[in-house]
Amino acid sequence: GNSVTQMEGPVTLSEEAFLTINCTYTATGYPSLFWYVQYPGEGLQLLLKATKADDKGSNKGFEATYRKETTSFHLEKGSVQVSDSAVYFCALSRDTNAGKSTFGDGTTLTVKP
Amino acid sequence: EAQVTQNPRYLITVTGKKLTVTCSQNMNHEYMSWYRQDPGLGLRQIYYSMNVEVTDKGDVPEGYKVSRKEKRNFPLILESPSPNQTSLYFCASSLKGQSYEQYFGPGTRLTVT
């Protein structure tokens, strides 16, 4: 079956530090890949997505590139802010069974001023 | 405003007392899902629906029921809740053919004593 593995957290960084959260996946075919963010006390919201190999998703200074050769979709940001403190989830879905989604365990990011 | 709503937001109940958590979306989305979020386990899919009267099991369906009689609504039913169903529940919806990015509700915090 499908699976998503995220780097273990929590992650604590100082403001303006570089962020990488690793995500690797196992799936047959060509899944769509997503990063969702959950701010304290809220539901998840889409941060960025990529639907085919070599696509780069980007939003709010965050980026992730769909690497089929390494089955990875690592999240990066060049300079984090305190307001980026949240839980980040990597996820996938497949168009052949789009209702079925698989999420990683989530990585908690805390950014200190 | 496009949104997914859930009710109630908070619920404390006792073992064995049937309950229903409602979910409604106003975006005319075909796909809807229920997830539970538990510490250290990330987000796990309970059930999903591809359209009216079409539902399927996710990864952790035991102890839950769903129905999809109308496109906008997707209630989650716990016929006989148990303490191991204490969790944070999220409903989500997505549009068919739009890479299936999901829109999440605000969550329902359920405690079963």
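Residues numbered from 1 in each chain as written. Chains lettered and ligands numbered in written order. Predicted model: local features only at pLDDT ≥ 70, side-chain atom pairs only at ≥ 80, totals over all residues. Heavy atoms only, no water.

Caption draft 1: Expanded view of the pairing of strand E6 (residues 54-57) of chain B. Residue and element names in this part refer to chain B. Note that strand E5 (residues 42-51) and E6 share four bridges and pair antiparallel. When the bridges of E6 are listed, Tyr 47 appears paired with Lys 57. Counted along the chain from E5 to the antiparallel partner E6, the turn is two residues long, and its residue Glu 53 has a positive phi close to 65°. (Pairing = 2+ DSSP bridges. Helix = DSSP H or I, 4+ residues; strand = E, 2+ residues; numbered from the N terminus.)

Caption draft 2: Up close: the sheet that holds strand E9 (residues 75-77) of chain A. Residue and element names in this part refer to chain A. Pairing in this open sheet of four strands is antiparallel, and the strands run E3-E9-E8-E7 from one edge to the other. Looking along the sheet, the strands with just one partner apiece sit at the ends: strand E3 (19-21) and strand E7 (56-59). Strand-to-strand twist across the sheet, computed as the mean angle between neighbouring axes with direction ignored, equals 15°. (Axes fitted to C-alpha atoms, helices over the stretch in contact; angles between N-to-C directions.)

Caption draft 3: Spatial organisation of the environment of B:Thr111. Residue and element names in this part refer to chain B. Structurally, Thr 111 is set in strand E11 (residues 108-112). Residue classification places Thr 111 among the partly exposed residues on the basis of a relative accessible area of 27%. Sequence separation between Thr 111 and Leu 78 is 33 residues, and the spatial gap between their C-alpha atoms is 12 Å. Among residues more than four places away in sequence, those in contact with Thr 111 are Leu 11, Ile 12, Thr 13 and Thr 86. (Buried < 20%, exposed > 50% of the residue type's maximum accessible area, 1.4 Å probe, protein only. Contact = heavy atoms within 4.5 Å.)

Caption draft 4: Layout of the interface of chain A and chain B. Between chain A and chain B, the contact holds 22 residues from the first and 24 residues from the second. Taken together, both faces of the contact between chain A and chain B bury some 1700 Å²; the carbon and sulfur share is 51%. Seen at the junction of chain A and chain B, the total is two salt bridges. A salt bridge links B:Asp59 to A:Lys100; the nearest nitrogen and oxygen atoms lie 2.8 Å apart. Counting every contact that joins chain A to chain B gives six residue pairs in polar contact (both at pLDDT 80 or more). Looking at the side of chain A that touches chain B, the element that brings in the most residues is strand E11 (residues 97-103) of chain A, giving six residues. Among the residues forming the side of chain A that touches chain B, the class breakdown is seven nonpolar, 10 polar and five charged. (Buried area = accessible area lost by both parts, 1.4 Å probe. Salt bridge = Lys/Arg side-chain N within 4 Å of Asp/Glu carboxyl O. Polar contact = N/O pair within 3.5 Å; in protein donor to acceptor, adjacent residues only side chain to side chain. Nonpolar A, V, L, I, M, F, W, Y, C, P; charged D, E, K, R; others polar.)

Caption draft 5: Region of interest: the nonpolar core. Residue and element names in this part refer to chain A. Grouped together as the largest cluster of nonpolar side chains are 26 residues, with contacts concentrated most on Trp 35, Leu 47, Leu 48, Phe 73, Leu 75 and Tyr 88. Counting residues per element, the ones that place at least two in this core are strand E2 (11-14), E3, strand E4 (23-26), strand E5 (32-38), strand E6 (44-50), strand E8 (62-65), strand E10 (86-94) and strand E12 (107-112). Ranked by the residues each element gives to this core, the list is headed by E10, at four residues. (Core = buried A, V, L, I, M, F, W, Y, C linked by side-chain atoms within 4.5 Å.)

Caption draft 6: Looking closely at the sheet that holds strand E7 (residues 65-66) of chain B. On the basis of which strands lie adjacent, the open sheet formed by four strands has the order E1-E3-E8-E7 (chain B) and antiparallel pairing. The two strands at the open ends of the sheet, each matched to only one other strand, are strand E1 (4-7) and E7 of chain B.

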